[in-house]
Amino acid sequence: MGEPYTSFPSDAFVFLEGGMVGWGTICGSNAGANIVANAIIGPRIAGPECENGAAIGADTLQWYSETALPTFTPKEPRQKVKIIQTTSNSPLCHVSVGKWMKEAGYALSSPERRDRCARVAASVAYQLVQNLNAWKDGTYKQLSAWKPASNMGVTAQQNCTECHGSTIPTPPAAKKI
Ligand code: HEC
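Residues numbered from 1 in each chain as written. Predicted model: local features only at pLDDT ≥ 70, side-chain atom pairs only at ≥ 80, totals over all residues. Heavy atoms only, no water.

K.L.:
Describe the overall build of the chain, with residues and values.
P.N.:
A tally of regular secondary structure across the chain gives 5 helices and 0 strands. The helix and strand sequence of the chain, counted from the amino end, reads α-α-α-α-α. For the chain, the C-alpha radius of gyration of 18 Å lies close to 16 Å, the compact-globule estimate for 177 residues. Dimensions of the chain, computed from C-alpha atoms along their principal axes, come out at roughly 60 × 50 × 30 Å. Relative to its full complement of 177 residues, the chain shows a buried share of 31%. Restricting the contact set of the chain to residue pairs at least 6 apart, pairs at least 24 apart contribute 59%. For the chain, the accessible surface area stands at approximately 11,300 Å², while carbon and sulfur atoms represent 59% of it. Once the 16 positive and 13 negative side-chain charges of the chain are each reduced to a mean point, those two points are 6 Å apart. (Helix = DSSP H or I, 4+ residues; strand = E, 2+ residues; numbered from the N terminus. Rg over C-alpha atoms; globule rule 2.2 N^0.38 Å. Buried < 20%, exposed > 50% of the residue type's maximum accessible area, 1.4 Å probe, protein only. Contact = heavy atoms within 4.5 Å. Areas by Shrake-Rupley, 256 points an atom, 1.4 Å probe, with all protein chains shown as cover. Lys, Arg positive; Asp, Glu negative; His and termini not counted. Charge placed at Lys NZ, Arg CZ, Asp CG, Glu CD.)

Printed below as a string of structure tokens:
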């Protein structure tokens, strides 16, 4: 492919593991997909949302949240046991890994959990490439009803009830000047 891909500083993004240096925030595969989409297409721009990397990035987060993961099974898996699928309802590492660990019964340090996360990363990469190919072919359709955070009054994933239950706090409205 040539530049900028040949000199892309991949090592600079290793910190995304464990939801960013182990803090369990955004799953690194979601962060990686957004970096790649924005590197290829460019960042949020004026105009139809589907023409920019932000929309494809937002689609990844929604797809990740709603899909039973991992969807990808390697031809020759490192772990021969069945790796179960769970739906996180969140793009966050902590929530995704926590729900999988609870359901599967494997510890964080287990080879099964590591294999699960490797497969999740591959699943997200696959989904991203499908979207990028569609974008290149002019057939990409935005999956998510993604809106900029300003429409929700606070930066957040869109399903507030996942964490707040039925008592979602109301963000203060903008002050009129
Ligand atoms: C990933 C979990 C999560 C999601 C999803 C989430 N929140 Fe929160 N939110 C929190 C936590 C944790 C706090 C801190 C609560 C505390 O200190 O009691 C918080 C605090 C807030 C606050 C600050 C004030 C308060 O009264 O606690 C507001 C407002 C808020 N959330 C609104 C929302 C809205 C609106 C959505 C959906 C668009 C949302 N949240 C989605 C976890 C979440």
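Text resumes after the structure shown.
K.L.:
So what about the confidence of the model for the chain? Which residues, and what values?
P.N.:
Of the residues in the chain, 93% have a pLDDT of 70 or more, and the chain-wide mean is 91. When mean pLDDT is compared element by element in the chain, helix α3 (residues 93–104) scores highest at 98, while helix α2 (residues 53–66) scores lowest at 91. (pLDDT = per-residue confidence, 0-100.)

K.L.:
How would you summarise the pattern of salt bridges if you had to cite specific residues and measurements?
P.N.:
In the structure shown here, the tally under the stated rule is 2 salt bridges. Its salt-bridge partner being Arg 119, residue Asp 115 comes within 2.9 Å of it at the nearest N-O pair. Of this pair, Asp 115 and Arg 119 both sit in helix α4 (residues 111–137), 4 residues apart, which is roughly one turn of the helix. Like Arg 119, Asp 115 is buried. (Salt bridge = Lys/Arg side-chain N within 4 Å of Asp/Glu carboxyl O.)

K.L.:
Could you give an account of helix α1 (residues 28–41), with specific residues and numbers?
P.N.:
End to end, α1 covers 20 Å across 14 residues, agreeing with the expected 20 Å (1.5 Å per residue, within 8%). When we look at burial in α1, the residues that qualify are Ser 29, Asn 30, Ala 31, Ala 33, Ala 37 and Ile 41. Along its buried surface, α1 packs onto α2 and α4. Looking one or two residues past α1, Gly 42 carries a phi angle of roughly 110°, positive in sign. (Expected span 1.5 Å × (residues − 1).)

K.L.:
Kindly report on the layout of surface pockets, identifying the contributing residues and their values.
P.N.:
A volume near 890 Å³ is recorded for the largest pocket. Residue lining of the largest pocket: 38 residues in total, with Leu 16, Glu 17, Gly 18, Gly 28 and Ser 29 positioned closest to the centre. If you list the elements that add at least two residues to the lining of the largest pocket, you get α1, α3 and α4. It is α4 that provides the largest number of residues to the lining of the largest pocket, a total of 10 residues. (1 Å grid on protein atoms, 1.4 Å probe; cavity = no way out; pocket = protein on both sides within 12 Å on 5 of 7 lines; lining within 4 Å. Points joined across faces, edges and corners; volume = space filled by probe spheres on them.)

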